[in-house]
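Letter by letter, the chains look like this.
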Amino acid sequence: MDEKTAIPGGRSGAGIAGAASGAVFVAAAEIAAFLAARDASPLLAAGSFVIDIVPQWAKELAIEVFGANDKLFLLVTLGIGVALAAVGAGLLERRRRWAGVAVFALAGAAGLVATTTRTGATPLSALPPLVGAIAGSVFLRASIGALRRWRTAESGDAPDPTTDRRRFLLLTSIGAVTAVVLGTGARIGTAATSSVAAVRKALRLPEPLSRVAVPPGAELRIPGLSPLFTPNADFYRVDTALTVPAIAPADWRLTVDGMVAKPVELSFDELLRMGLREYAVTLTCVSNQVGGDLVGTARWLGVPVREVLALAAPAGGADMVLSRSIDGFTASTPLGALTDPSRDAILAVAMNGEPLPLEHGFPVRMVVPGLYGYVSATKWLTRLTVTTFQKDQAYWTPRGYSAQAPIKLSSRIDTPRIDKEVAPGATRIAGVAWAQTIGIARVEVQIDGGPWQTATLSAPVSADTWVQWFLDWNATSGTHTLVVRATDRHGRLQEQERTPIAPNGSTGWQSTVVRVGTAG
């Protein structure tokens with residue numbers, strides 16, 4: 001039979017051959033990445049590309065639905081897409097020689113573009129997608145050839161086509177299993193050899209020049225209420241990094257350039273020698289919806305950004321600092337927010353008493369009170385470019401978000417929860433409120449449309465941290481509606497109107513429904 005004609009029958013076999021070839025493609029690419037270009041995995045590069053081009057509504061939806069698991073969902077989706085494309089390639093190759101190979105060639109070309117256009121790409125970054133495409137194509141041709149011989153033997157009434165069938169099944173099964181084992185091993189090996197977890201664990205930071213003083217009454221310790229300081233494991237994570245960048249402190253460098261009198265480059269040790277101080281700061285993501293949990297408070301150790309910028313002497317006319325992460329992410333921070341002596345904008349190296357967790361920016365990240373993270377909280381920081389808003393744009397600005405984004409005055413009800421029935425009688429309504437750089441003056445709660453009642457506030461740690469609050473309530477059986485609002489120390493009342501998170505953060509009073517059971 002002419003190889004350009006379709007194989008009689010054999011659709012399921014062609015799908016199996018395609019799936020196995022797809023596994024070989026990915027595995028070969030991962031092995032090449034492990035050996036030659038650790039940051040050039042085509043699958044991960046494709047995922048990063050998707051993150052870069054995803055429209056605003058899709059980004060918001062992913063965070064809303066999947067939270068911190070949005071990147072895992074993306075990887076799973078990409079994996080399913082690759083598997084389906086590989087099965088399709090097998091079916092095409094069954095119909096016509098080289099048609100399925102063309103699919104792998106296109107996949108290799110797409111991977112080539114994705115890996116070579118990433119920040120930090122080198123000439124070797126082209127190797128993994130090329131190796132993967134070649135290996136997948138060769139395996140596809142071999143497995144489809146074996147399938148063709150098997151199905152031809154059967155259709156031709158051969159005395160014993162069993163041997164050809166066994167060869168096909170043996171080839172595809174061994175190929176698939178080997179690809180999964182070696183590909184997974186290469187991915188684990190890449191992560192293990194590039195990981196700085198052991199270095200982080202052994203790191204000993206110098207004693208800070210000052211510590212945060214936590215006043216009595218700052219922690220209310222009410223069941224269901226968010227703790228004053230959010231544990232690292234529970235702290236929200238929202239960023240554009242599909243995989244966590246790994247930078248050893250010994251290899252880290254910070255460059256300060258742009259509109260400066262003297263460009264500066266600092267090593268990690270040089271930064272530490274400038275003297276660490278401890279700060280308590282609440283961070284909030286612009287994607288935090290009214291009543292959402294993309295907010296947290298931590299103790300941070302770091303060096304004031306203004307002291308680092310002073311080494312470079314920013315020029316007159318500059319009004320923005322473009323901070324850059326090792327993965328290419330950028331944030332636009334007003335220069336005044338970083339040089340203001342009354343604002344504790346820092347380059348942080350520790351979080352809640354330990355070196356920064358890898359996923360929170362180890363070894364150095366920015367922390368700027370009063371600004372949403374997308375314009376200030378750059379993780380895995382490597383560069384500060386002094387510039388202007390007119391000249392430069394950051395990552396999220398062309399994607400529909402404001403170049404400057406002060407955090408909105410907000411409040412939240414933590415307990416009682418909408419999904420948990422409470423017993424009638426004495427109940428405490430409690431939550432948190434924040435107004436960074438200003439502070440909270442008052443929190444009020446409304447029950448079933450009644451008069452606003454003033455809640456009791458915890459002692460504030462600083463104007464840069466949230467406060468806890470509570471209101472005692474004699475809960476009666478039935479369904480009740482609770483509403484909360486806050487007022488800052490400037491006398492400004494929290495905005496009641498609901499607005500979406502784009503372009504610069506949501507507003508609105510949180511309203512929640514509480515179910516109270518019956519007595520007895």
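Residues numbered from 1 in each chain as written. Predicted model: local features only at pLDDT ≥ 70, side-chain atom pairs only at ≥ 80, totals over all residues. Heavy atoms only, no water.

Novice: Could you give an account of the sheet that holds strand S16 (residues 467-475), with specific residues and numbers?
Specialist: Across the sheet, four strands lie side by side as S11-S12-S16-S15; this open sheet has antiparallel pairing. In this open sheet, the two strands that pair with only one neighbour each are strand S11 (410-415) and strand S15 (456-457). Bridge count between S15 and S16: two bridges; the pairing is antiparallel. Of the residues in S16, the one forming a bridge with threonine 456 is phenylalanine 470. (Pairing = 2+ DSSP bridges. Helix = DSSP H or I, 4+ residues; strand = E, 2+ residues; numbered from the N terminus.)

Novice: Describe in detail the pairing of strand S3 (residues 277-284), supporting the description with residues and values.
Specialist: In the case of a regular strand, side chains alternate between the two sheet surfaces. For S3, a buried count of seven out of eight residues is recorded, marking the element as mostly surrounded by other parts of the structure. As paired elements, S3 and strand S4 (residues 295-304) share eight bridges and run antiparallel to each other. In the sheet register, glutamate 278 faces S4, and the bridge partner there is leucine 301. (Buried < 20%, exposed > 50% of the residue type's maximum accessible area, 1.4 Å probe, protein only.)

Novice: An account of helix H10 (residues 305-312) is requested, with residue identities and associated values reported.
Specialist: Within the sequence span of H10, burial applies to Val305, Val308, Leu309 and Ala312. When H10 is viewed along its axis, its buried side chains cluster within an angular range of 95° and face the same direction. Directly beyond the C-terminal end of H10, a positive phi value near 60° is found at alanine 313. (Arc of directions from axis to C-beta.)

Novice: Account for the pattern of salt bridges, with residues named and values stated.
Specialist: Between side chains of opposite charge, a pair can form when the charged atoms approach closely. For the structure shown, the criterion picks out 16 salt bridges. Close ionic contact of arginine 428 with aspartate 472 constitutes a salt bridge, the shortest N to O distance being 2.7 Å. Of the two residues, arginine 428 is situated in strand S12 (residues 425-434) and aspartate 472 in strand S16; the sequence distance between them amounts to 44 residues. We classify aspartate 472 as partly exposed; its relative accessible area is 48%. Linked through salt bridges whose partners overlap, the residues forming this network are Glu207, Arg211, Glu278 and Arg299. (Salt bridge = Lys/Arg side-chain N within 4 Å of Asp/Glu carboxyl O.)

Novice: Tell me about the nonpolar core, and please be specific about residues and values.
Specialist: One finds Leu271, Trp300, Leu309, Leu347, Val349 and Leu384 to be the most contacted residues of the largest nonpolar core, which totals 85 residues. Element by element, the count of residues in this core is highest for strand S7 (residues 346-351), at six residues. The next biggest cluster of nonpolar side chains, apart from the first, holds 21 residues, and it includes Ile413, Ile440, Ala455 and Val467. (Core = buried A, V, L, I, M, F, W, Y, C linked by side-chain atoms within 4.5 Å.)

Novice: Explain the sheet that holds strand S6 (residues 330-334) to me, and be specific about the residues and the numbers.
Specialist: Read across the sheet, five strands follow the order S2-S1-S10-S5-S6 without closing on themselves; strand pairing throughout is mixed. With one partner strand each, in any of the chains shown, strand S2 (264-267) and S6 form the two edges of the open sheet. Along the sheet, successive strands turn relative to each other by an average axial angle of 20°, direction set aside. Bridging between strand S1 (residues 253-258) and strand S10 (residues 381-387) involves four bridges; their strand directions are parallel. Within S10, the residue paired with glycine 258 across the bridge is valine 386. (Axes fitted to C-alpha atoms, helices over the stretch in contact; angles between N-to-C directions.)

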